[in-house]
Amino acid sequence: MTRMETDAEAQMATAIRVLAMDAVEAAKSGHPGAPMGMADVAAVLFNRFMRIDPADDKWPDRDRFVMSAGHGSMLVYAINHMLGYDDMPVEQLRAFRQLGSRTAGHPEYGHARGIETTTGPLGQGITTAVGMALAERMMNARFGDDLVDHWTYVICGDGCLMEGVSQEAIDFAGHQRLGRMVVLWDDNRITIDGATDLSTGTDQQARFAASGWHVQAVDGHDREAVARAIQAARTDDRPSMIACRTVIGYGAPNKQGSHDVHGAPLGKDEIEAARQHLGWTHDPFEIPQAILDSWRAVSARGATARSAWQERLTRSPLKPRFSAMLAAPDASALRRAITEHAERIAVERPSVATRKASEMALEVVNATLPNTIGGSADLTGSNNTRTKGMAAITAADRGGRYVHYGIREHGMAAIMNGIALHGGFIPYGGTFLAFSDYSRPAIRLGALMGVPVVHVMTHDSIGLGEDGPTHQPVEHVAALRAIPNLTVFRPADAIETAEAWEIALTAPATPSVLCLSRQNLPTVRDLARVNMTRQGAYVLRETQGPRDVTLIATGSEVELALGAADLLVARGVAAAVVSAPSFELFAARPQVDREEVLGAAPRIGIEALIRQGWDGLFLRPGDGFIGMTGFGASAPAPALYRHFGITAEAAADLAQQLITGGK
């Protein structure tokens, strides 16, 4: 670069610093340290390498930028303002961290353009970015360099690398040789409590290198060194980590390099000192036109690149298939295929575990939708997530449709979020339901973002048997049901399982969890003209006259409810049975519809899990529950059900007690 260009880039970095400290000061809260420390790195990245167009923030072949150290959100907002995103005027910077603004305390996907993913919980950003980088390579394998040729850049901090999920991501990315991913580590050696050596002494460069990454180290304030390092990273076929040694809060003369600048406003006096130190003479939030012009040149370069890409797409014979990959699933085609599948089940009436029923449904799904991407956290044979003809996705061949995530449940869930956010694929991945605790942070983040990912969770109750209480997820479904904007399914048979897959794959902005049994379950449903699972809960068996009791069950316990109803009929009691595969879908129905399903008679919930979540939606004070009150045990499943009193006989006896008022 010429001296003039270098000086302009220095001013681009200074502008990030002053906007960050001004916005944090106005909000009286926030984190100025990381944006100020990484401003030089960010200016080089955007000025010389990033290829984006703010006029089309969803351009498929744009580079992705992820601020994994999400507390440094003002770096993102400052850059997006200066790039010219039309939803990021200076008023949004002035409203940093205020109710209703797009400039939330951490970057929130969907709140503003140019934010590729929600970050905040440390480690999520880098792991989600791995999913984006993997999706880029998978799309490239299908459509070539003309249509898919972009990079994923990440800024992460010490906190991101301390979180355990980062190692899952680093190991996976190195093994998959995701060479289009560059991580810029803000090596400022400061955390909230003080210097990083209070809590860690890990050689991060050695750690990345051991995981198969290309590793470099630079002075993060030497812009030419940073540029050379990024260029070198772009010529290596491994994922790259650049350790950028920085001074946190760089430019604040009395506080830089200290944990005091990490998560608090600098204060009026220090901001004035910083302005003098940086040679910045402009008012708060004022950016000279020349500096804005430098940033807008980045956008103009991106617009030119996007236009050229659009011309290539228009000429390409692959355009119809490319567009189809990026479009929403063909709901009509999927519905037809699932209906035909359900018709066969209704005739054959198999007795299979719902994990097997899920595999049967996936055979239909994967034959109908060309862009589903399956996977498992090293439990493929148990989760039944790999269907016929699904080749593995490897570093040598990205053309497959199945990911071996390894024993990395948290990483798998976050990587799937990244695949979905990238676009082009619908990811699903499997593990045991008891391990949803490991996946939960990324599942929650997916729900917060509205990312349609499907989590297949098998071995869903004490019914898994001998593996014992460590693997028996008595409380996990309740915990998942507590997450807003997450649809949890616990299907009773192969028909409900197929219907759940249809709903999950056509949900535009809601992730789903399928909780599936290890043990065989009979087909309890007859064919219906509509997807009954979509109702959340419905009457599976009605009484001839007025109900004496309503038995409500999910999953494997629907069979028990039907058995209890048979026992009650023999005793002269009229018992209706309600199958409730999804509490969330049922809760979304009008109250009058819910009451019609549940009726006025006494109610009993039956689920081989804890009661939490049943009250208020299905059960009233005085209604009964058959289920777990503590952890399970190691024994064959039938013995466990008898031991814990989860039987048709117990449900029938409780029903009679409720009907007679305990007399």
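Keep in mind that this is a model prediction, so the values were computed, not measured.

Conventions we followed
Residues numbered from 1 in each chain as written. Predicted model: local features only at pLDDT ≥ 70, side-chain atom pairs only at ≥ 80, totals over all residues. Heavy atoms only, no water. Helix = DSSP H or I, 4+ residues; strand = E, 2+ residues; numbered from the N terminus. Rg over C-alpha atoms; globule rule 2.2 N^0.38 Å. Buried < 20%, exposed > 50% of the residue type's maximum accessible area, 1.4 Å probe, protein only. Contact = heavy atoms within 4.5 Å. Areas by Shrake-Rupley, 256 points an atom, 1.4 Å probe, with all protein chains shown as cover. Pairing = 2+ DSSP bridges. Axes fitted to C-alpha atoms, helices over the stretch in contact; angles between N-to-C directions. Expected span 1.5 Å × (residues − 1). Polar contact = N/O pair within 3.5 Å; in protein donor to acceptor, adjacent residues only side chain to side chain. pLDDT = per-residue confidence, 0-100. Core = buried A, V, L, I, M, F, W, Y, C linked by side-chain atoms within 4.5 Å. Right-handed = clockwise from strand over helix to strand, strands pointing away. Lys, Arg positive; Asp, Glu negative; His and termini not counted. Salt bridge = Lys/Arg side-chain N within 4 Å of Asp/Glu carboxyl O.

1. Observations concerning the overall build of the protein
When you go through the protein residue by residue, the secondary structure sums to 25 helices and 20 strands. For the protein, whose C-alpha radius of gyration is 28 Å, the value lies close to the compact-globule estimate of 26 Å for 663 residues. Dimensions along the principal axes, computed over C-alpha positions, put the protein at roughly 95 × 55 × 45 Å. Taken across its 663 residues, the protein has 61% of its residues classed as buried. Counting only contacts in the protein whose residues sit at least 6 apart along the sequence, the fraction spanning at least 24 positions is 78%. Put simply, the protein shows about 24,200 Å² of open surface, and 51% of that area lies on carbon and sulfur atoms.

2. A few points about the sheet that holds strand β13 (residues 487-489)
Ordered in space as β10-β9-β11-β12-β14-β13, the 6 strands form an open sheet in which the pairing is parallel. Only two strands of the sheet have a single partner each, and these edge strands are β10 (402-404) and β13. Taken over all neighbouring pairs, the strand axes of this sheet differ in orientation by 20° on average, direction set aside. Relative to strand β11 (residues 426-432), strand β9 (residues 372-376) runs parallel, the two being bridged by 3 bridges. Within the sheet, the bridge partner assigned to I373 lies in β11 and is P427. Its contacts with the sheet place helix α17 (residues 409-422) against β9, β11 and β12 (454-458), and it is angled at close to 170° to β11.

3. Looking at helix α20 (residues 494-506)
Helix length check: α20, at 13 residues, gives a terminal C-alpha distance of 19 Å against a target of 18 Å (1.5 Å per residue), a fit within 8%. Listing the buried residues of α20 in full gives A494, I495, E496, T497, A498, E499, A500, W501, E502, I503, A504 and L505. A distance of 3.1 Å separates the backbone nitrogen of I495 from a side-chain oxygen at the start of α20, and that oxygen is part of D493.

4. Some points on the confidence of the model for the protein
Of the residues in the protein, 100% reach a pLDDT of 70 or more, and the chain-wide mean stands at 97. Per-element mean pLDDT across the protein ranges from 90 in strand β4 (residues 190-191) up to 99 in β13.

5. Examining the nonpolar core
With 122 residues, the main nonpolar core has F65, M74 and L184 as its most contacted residues. With 11 residues, the top contributor of residues to this core is helix α1 (residues 3-27). Filtering out sequence-adjacent residues up to four positions away, M74 remains in contact with L19, A20, A23, V24, P35, L93 and F96. Within the second largest apolar cluster, 33 residues are counted, among which are V474, A565, V577 and I626.

6. Section: the pairing of strand β18 (residues 575-579)
Burial within β18 is extensive, with 5 of its 5 residues counted as buried. The side-chain alternation of β18 yields two buried faces, one formed by A575, V577 and S579 and the other by A576 and V578. Across 3 bridges, strand β16 (residues 538-541) lies against β18 in antiparallel orientation. For Y538, the partnering residue across the bridge sits in β18 and is S579. Examined bridge by bridge, strand β17 (residues 549-553) and β18 share 5 bridges and lie parallel to one another. The residue bridging I552 from the neighbouring strand is V578, located in β18. Each parallel crossover has a hand, and for β17 linked through helix α21 (residues 557-570) to β18 it is right-handed.

7. As for the environment of H106
One can find H106 in the loop between α5 (90-94) and α6 (124-143). Given the relative accessible area of 26%, H106 is considered partly exposed. Sequence-wise, H106 and G400 are 294 residues apart; in three dimensions their C-alpha atoms are separated by 35 Å. Ignoring any residue separated from it by four or fewer positions in sequence, one finds H106 in contact with G70, H71, S73, Y77, T119 and G120.

8. Here we look at the side chain of R142
Assignment of secondary structure puts R142 in helix α6. Here R142 sits buried without a salt bridge, and the closest side chain of opposite charge, D397, lies 7.3 Å off (N-O distance). Within the structure, R142 has its side chain in polar contact with the backbone oxygen of G399 (distance 3.3 Å). With sequence-adjacent residues up to four places away left out, R142 is seen in contact with L318, R321, M325, I373, R398, G399, G400, R401 and F425.

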